[in-house]
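One-letter residues, chain by chain:
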Amino acid sequence: MPDLSRRRAAALIALPAIWTAVRAQPTAPRRATPSQTEGPFYPVELPADSDNDLLRNGSLRYAKGQPTWVDGTVTDLQGKPVAGAQVEIWQCDEAGHYHHPGDGNRADRNFQGFGRVTVDADGRYRFRTIRPVAYSGRTPHIHVKVKLERKELLTTQLYVEGDPHNERDFLWRNLGERRGLVTVPFKAAADGLQATFAIVVAA
């Protein structure tokens, strides 16, 4: 019995060192969000109203489409929030048109179409917009750009998980096994849909 008690005591003494070793293990690096083309419809001039609510363009209100909250975080490869980062999004309206001369400036003027926010201390951002829609040649998507001061850290596109147009979209297919990093569910919420998109940049 004395030997058994000594072994138990030795094991208890060793536990703090084991716990310390476990806590000291470095966090596994995250996978960077893949970049994608900016596309032809980034605004030539940023709209006067460029806040995070794309359903309000100045005094105008957009009532078409499925209202959606898009939120998430911007972190580096170690999971640290990227302080001061700005997130921009832009997309077409419910009819598939952008606020851009290359698309004939046919977008509904009630739809802001572009938004920009600065992440908070935890790297979080949030936008109010619509579920993206398909248009000729493209599956539903939202364009996303991340900047830090004057430096562009990432340009990519956000896709709708399970949308039937995805498999026919060449940009989505070309992502291969990285598709899951930019494809998220748009789930029903109390006030529309909710999509959470975690952005990881090699800052």
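Criteria and cut-off values
- Residues numbered from 1 in each chain as written.
- Predicted model: local features only at pLDDT ≥ 70, side-chain atom pairs only at ≥ 80, totals over all residues.
- Heavy atoms only, no water.
- Helix = DSSP H or I, 4+ residues; strand = E, 2+ residues; numbered from the N terminus.
- Buried < 20%, exposed > 50% of the residue type's maximum accessible area, 1.4 Å probe, protein only.
- Contact = heavy atoms within 4.5 Å.
- Areas by Shrake-Rupley, 256 points an atom, 1.4 Å probe, with all protein chains shown as cover.
- Lys, Arg positive; Asp, Glu negative; His and termini not counted.
- Salt bridge = Lys/Arg side-chain N within 4 Å of Asp/Glu carboxyl O.
- Pairing = 2+ DSSP bridges.
- Phe/Tyr/Trp six-rings, centres within 6.5 Å; stacked < 30°, edge-to-face > 60°.
- Core = buried A, V, L, I, M, F, W, Y, C linked by side-chain atoms within 4.5 Å.
- pLDDT = per-residue confidence, 0-100.

**Brief notes about the overall build of the protein**
When helices and strands are counted, the protein shows 2 helices and 12 strands. Relative to its full complement of 203 residues, the protein shows a buried share of 43%. In the protein, the share of contacts with a sequence separation of at least 24, taken over all contacts with a separation of at least 6, comes to 72%. Roughly 11300 Å² of accessible area belongs to the protein as shown, and the carbon and sulfur atoms make up 54% of that amount.

**Here's the deal with the side chain of Asp76**
Relative to the assigned elements, Asp76 resides in the loop between β3 (67-75) and β4 (86-90). Buried charge Asp76 goes without a salt bridge, the closest partner of opposite sign being Lys80 at 5.8 Å. Leave out the neighbours within four places in its chain, and Asp76 touches Arg30, Val82, Val200 and Val201.

**What about the pairing of strand β8 (residues 151-160)?**
Buried residues dominate β8, accounting for 8 of its 10 residues. The pairing of strand β7 (residues 141-148) with β8 spans 8 bridges and is classified as antiparallel. Among the inter-strand pairings, Leu148 is bridged to a residue of β8, identified as Lys151. The loop that links β7 with its antiparallel partner β8 comprises 2 residues; one of these, Glu149, has a positive phi angle of about 55°.

**What about the packing of aromatic side chains?**
Under the defined criterion, the tally for this structure stands at 6 aromatic pairs. Ring geometry for Tyr98 against Tyr135: centres 5.8 Å apart, planes inclined by 90°, an arrangement best described as edge-to-face. Of the two residues, Tyr98 sits in the loop between β4 and β5 (114-118) while Tyr135 sits in the loop between β6 (124-130) and β7, which places them 37 residues apart along the sequence. Classification of Tyr98 by relative accessible area gives buried; the value is 2%.

**Topic: the nonpolar core**
Counting residues in hydrophobic clusters, the biggest one holds 34 residues, and the most contacted among them are Val74, Val87, Tyr125, Leu158, Phe197 and Ile199. Looking at this core, the elements with two or more residues in it are β3, β4, β6, β7, β8, α2 (170-173) and β11 (192-196). Here this core takes 5 residues from β8, the largest share from any one element. Listed in part, the 7 residues of the second largest apolar core include Phe41, Trp90, Tyr98 and Val133.

**Notes on unusual backbone geometry**
Unusually for a residue other than glycine, Asn105 sits at a positive phi of about 50°. A relative accessible area of 52% means that Asn105 is categorised as exposed.

**Some points on the sheet that holds β7**
Pairing in this open sheet of 5 strands is mixed, and the strands run β5-β4-β7-β8-β9 from one edge to the other. Only two strands of the sheet have a single neighbouring strand rather than two, namely β5 and β9 (183-184).

**A few points about the confidence of the model for the protein**
Where the model shows low pLDDT, its predicted coordinates should not be examined in detail. On average, the protein scores 90 in pLDDT, and the residues at 70 or more come to 86%. Scored below 50 in pLDDT, residues 17-22 makes 0 contacts in the model with residues more than four places away or belonging to other chains.

**Topic: the environment of Val74**
Among the structural elements, Val74 can be located in strand β3. Spatially, the C-alpha atoms of Val74 and Arg124 are 6.5 Å apart, while their sequence positions differ by 50 residues. Each residue touching Val74, except ones within four places of it in the same chain, is listed here: Lys80, Pro81, Val82, Ala85, Val87, Val119, Gly123, Tyr125, Val146, Ile199 and Val201.

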